[in-house]
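A closer look at the structure
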Amino acid sequence: MSAPAQAHDSAAASLDPARLSAGRRESFHLRIDRYWSDLSEAIGVLYADFEIAERLTESLLVRAASAYADRADDLHRLDQERLLQPGWLQQPRMFGYACYADRFGGSLLGLTEHLDYLEELGVTYLHLMPLLQPREGDNDGGYAVQDYHAVRSDLGTVDDLRDLATTLRSRGISLVVDLVLNHVAREHEWAVAARSGDPIHRDYFHIFPDRRLPDAYEQTLPEVFPAFAPGNFTYEPELDGWVWTTFNEWQWDLNWSNPAVLIEFVEIILWLANLGVEVLRLDAIAFLWKRMGSSCQNQPEVHAITQVIRAITRIVAPAVAFKAEAIVAPRDLVQYLGTGTHAGRVSDLAYHNSLMVQTWSMLATQSAVLGREALTALPPVPSTGTWITYVRCHDDIGWAIDDHDAAAVGVTGEGHRRFLADWYAGDAPGSWSDGLVFQANPITGDRRISGTAASLAGLHDSSPPAVVDAALGRIFLAHAIAAAWGGIPVVWSGDELGQPNDLGWMGEEGHEEDNRWAHRPRLDWTRAAQRHDIHTVTGRVFSGLARIARVRSSLPQLHASAPSQILPDTDIGVLATLRRHPSGLFVGLFNVTERSRPFPFGLIQALGLSRPYEALSGYDLQVGADGILRLPPYGAWWLVERPDIKSPAWAAS
Ligand code: GLC
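The following paragraphs examine the structure supplied in this document. Note that this is a predicted model, so its numbers are computed, not measured.

Next up on the list: the pattern of salt bridges. Taken as a whole and judged by the stated rule, the model has 43 salt bridges. Put simply, R195 and E238 hold a salt bridge, and the shortest N to O gap is 3.7 Å. Taken as a pair, R195 in helix 9 (residues 189-195) and E238 in the loop between strand 8 (233-236) and strand 9 (241-244) lie far apart in primary sequence, 43 residues in all. Overlapping salt bridges bring together D140, D395, D514, R516 and R520 as one network.

This is the structure we're talking about:
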């Protein structure tokens, strides 16, 4: 369905022929036609009133045209490149890293001095944690934005951000930044205006004169921060009412049923796109739409909102991709990559929270049985989207174990969640973990866990060699699973050096109550200096992770379009995955136990690998006379067909 003439007309007025060539103007109109149905259908879902929908569409297109006219030539070129390669995020060369700019390199400028380091690790996708101006004092690690058009003053300026994006792009690294769209800081000008009585801005938020509706909503609302921010509403004397605050009391939830909020965010998105940001992380996207009687997460309108902002962004800046941060139950996850009418129309990436949880669960239980069940039960991923796979991130780990999956393997969800919390808090007999309990909820029994990969895996530089080896094995195995699953693996800063929890986490202002700071350490550059010495623990972790990135980028089999299937009925301690890509077959074998485990060689051959070769180590498989392979403790094998076809000399360049 092409867009009606009126839509083209409203945009055309902003496409000044004196500034834009005929070809460039034509591209814009082609894109309006291409994305018209995405846009209009989703707006229709959100705003049933025809006039409101029409006015909104027009005003979005006018803004889109003016952002398009402002877009720099090099970014238009990037748009062309991406349109020629729509699957760019799915390529095996994609390898991510996430950090706070200040904790990694001091500032945006300081960070640019460490780009060789990131390249050495194999990074092509850099997620910088919130960097727009937050409120002063505690701001939830930057997730309470006061000004979306300013960069955090201690990090640099807007020009620095644009320069950084350009420099990264020139090195083949895509810049990812957070778009916090569920809430703004209490100090944001919209909230200030609302408090001063401005009715237009009051309508940007969910404000209630008394407890009647908040109490009714609370019946079905979970609490995100039960320990330091119980409840979901905050009384504000200046409003003479209660404002919706899902997270902290100074993070005010926005009213996305108000089209004005959508327009504001479209402007912010296009502004960031024009600075050269390539991926927007849609923070806390699950919470955007509120519905009485529900958990107010994962409502269908959330996907319609994403579809609107995605369509507009594609019209202006098709190079920009969206990543959904929806840490939700396993069965609710895949919708964020676009299912049903939203297929191909929402986010390109979403966090594979379930894979992360199952990885830690398999390591703690030394059994792949539940992991197999849970990962097999997940619905297939739409071909246009893929996962962010990770071992841990800047947030705590919530034990998202589905009750049905647990029951299917003979345990209870509640019991297993309790076990995992105990294990990773270091409280269960035999536990090697040093995690910290985050947000214990006495009512639900929920206990989430904070910790760096090293601390969760029990790595201590001073431990006896066998203990260090086991911990390194777990770290390497977890990253090898993430990097082989399908999608973009993202390493959280410090994990590539095996950095432990920062025990001084509570010493910084505003961090006192939030132990997630224990796993957001400043990068230890003294430690980093040892990364080339493979006799050090640091050197072993760094070289191991860099090898994973390097080998991954050399294997076309790991293109994200080939999903992982779980092989059933393998040894209890082995997670076995299969990926079928036209370029060849991939079999992943992951021993989640601290003992060696058997795997029949014949099965690998039966799957279609006639001369299996282990790509991570670069060795052929050694099989005993009994035809059984023995995976070493925590062994991670990436099996492909032996690559013995030599490239001709002329192809080497
Ligand atoms: C996301 C962030 C988390 C933050 C929350 C509120 O879940 O990852 O760190 O606390 O949103 O913005």
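This next bit is on the sheet that holds strand 5 (residues 174-180). In spatial order, the strands read 1-2-5-11-12-13-14-17; together these eight strands close into a barrel with parallel pairing. The mean angle between the axes of side-by-side strands here comes to 25°, regardless of whether they run parallel or antiparallel. With three bridges connecting them, strand 13 (residues 349-351) and strand 14 (residues 386-390) associate as parallel partners. In the sheet register, L349 faces strand 14, and the bridge partner there is T386. Across the sheet, helix 13 (residues 300-316) touches strand 11 (279-283) and strand 12 (321-324), and the angle it forms with strand 12 is around 160°.

Our next topic: the packing of helix 2 (residues 22-46) against helix 3 (residues 50-70). Their axes nearest at 11 Å, the elements helix 2 and helix 3 cross at an angle of 150°. The angle between helix 2 and helix 3 falls in the class roughly antiparallel. Relative to helix 3, helix 2 is oriented so that their crossing is right-handed. Side by side, helix 2 and helix 3 meet where R24, S27, F28, R31, I32, W36, L39 and I43 of the first sit next to A53, L56, T57, L60, L61, A64, A65 and Y68 of the second. Considering only residue class, the contact of helix 2 with helix 3 consists of twelve nonpolar, two polar and two charged.

The next subject is the site of the ligand. Taken together, 13 residues form the shell around the ligand, and within it D140, R281, D283, H394 and D395 come nearest. H183 is positioned with one of its side-chain polar atoms (N or O) 2.9 Å from an oxygen atom of the ligand. The side chain of D283 places a nitrogen or oxygen atom 2.9 Å from an oxygen atom of the ligand. In isolation the ligand offers 310 Å² of accessible surface; the protein chains occlude 94% of this area. Within the shell around the ligand, the residues separate by chemical class into four nonpolar, three polar and six charged. Here the shell around the ligand gathers at least three residues from each of two domains, domain 1 (90-180 + 280-556) and domain 2 (189-253).

For the rest of this paragraph, the subject is the sheet that holds strand 22 (residues 612-614). An order of 18-19-20-25-22-23 is seen for the six strands of this open sheet, with the pairing classed as antiparallel. The outermost strands of the open sheet, each flanked by one partner alone, are strand 18 (565-566) and strand 23 (619-620). Relative to strand 23, strand 22 is paired through two bridges, and the arrangement is antiparallel. Across the sheet, the residue bridging to E614 is Y619, located in strand 23.

Here helix 18 (residues 413-424) is twelve residues long and its end C-alpha atoms lie 16 Å apart, about the 16 Å a rise of 1.5 Å per residue gives. Looking at helix 18, one finds that the buried residues are G413, H416, L420, A421, W423 and Y424. Taken down its axis, helix 18 places every buried residue within 165° of arc, on the same side. In the stretch just after helix 18, G426 is the one whose phi turns positive, near 80°.

Backbone geometry places N298, a non-glycine residue, at a positive phi of 60°. The residue N298 is located in the loop between strand 11 and helix 13 in this model.

Under the criterion given, the structure shown has 33 aromatic pairs. Both rings, one in Y117 and one in W525, keep their centres 4.9 Å apart while their planes meet at 70°; by these two values the pair is edge-to-face. Here the residue Y117 occupies a position in helix 7 (residues 115-121), and W525 occupies one in helix 21 (residues 525-528), the gap between them amounting to 408 residues. Summarising the aromatic geometry, the rings of F228 and F438 are spaced 6.1 Å apart at their centres and angled 70° between planes, so their arrangement reads as edge-to-face. One end of the pair, F228, is in the loop between helix 11 (212-218) and strand 8; the other, F438, is in strand 15 (residues 436-441), and 210 residues separate them in sequence. Positioned above the aromatic ring of W242, the side-chain terminus of R211 is 4.4 Å from the ring centre. When the ring centre of F542 is taken as origin, the NZ or CZ atom of R531, which lies over that ring, is 5.6 Å away.

Cut-off values and rules
- Residues numbered from 1 in each chain as written.
- Predicted model: local features only at pLDDT ≥ 70, side-chain atom pairs only at ≥ 80, totals over all residues.
- Heavy atoms only, no water.
- Salt bridge = Lys/Arg side-chain N within 4 Å of Asp/Glu carboxyl O.
- Helix = DSSP H or I, 4+ residues; strand = E, 2+ residues; numbered from the N terminus.
- Pairing = 2+ DSSP bridges.
- Axes fitted to C-alpha atoms, helices over the stretch in contact; angles between N-to-C directions.
- Contact = heavy atoms within 4.5 Å.
- Parallel < 35°, antiparallel > 145°, perpendicular 65-115°, else oblique.
- Left-handed = near helix turned anticlockwise from the far one by under 90°.
- Nonpolar A, V, L, I, M, F, W, Y, C, P; charged D, E, K, R; others polar.
- Near = heavy atom within 4 Å.
- Polar contact = N/O pair within 3.5 Å; in protein donor to acceptor, adjacent residues only side chain to side chain.
- Areas by Shrake-Rupley, 256 points an atom, 1.4 Å probe, with all protein chains shown as cover.
- Domains from an automatic or database assignment.
- Expected span 1.5 Å × (residues − 1).
- Buried < 20%, exposed > 50% of the residue type's maximum accessible area, 1.4 Å probe, protein only.
- Arc of directions from axis to C-beta.
- Phe/Tyr/Trp six-rings, centres within 6.5 Å; stacked < 30°, edge-to-face > 60°.
- Lys NZ or Arg CZ within 6 Å of the ring centre and 35° of its normal.

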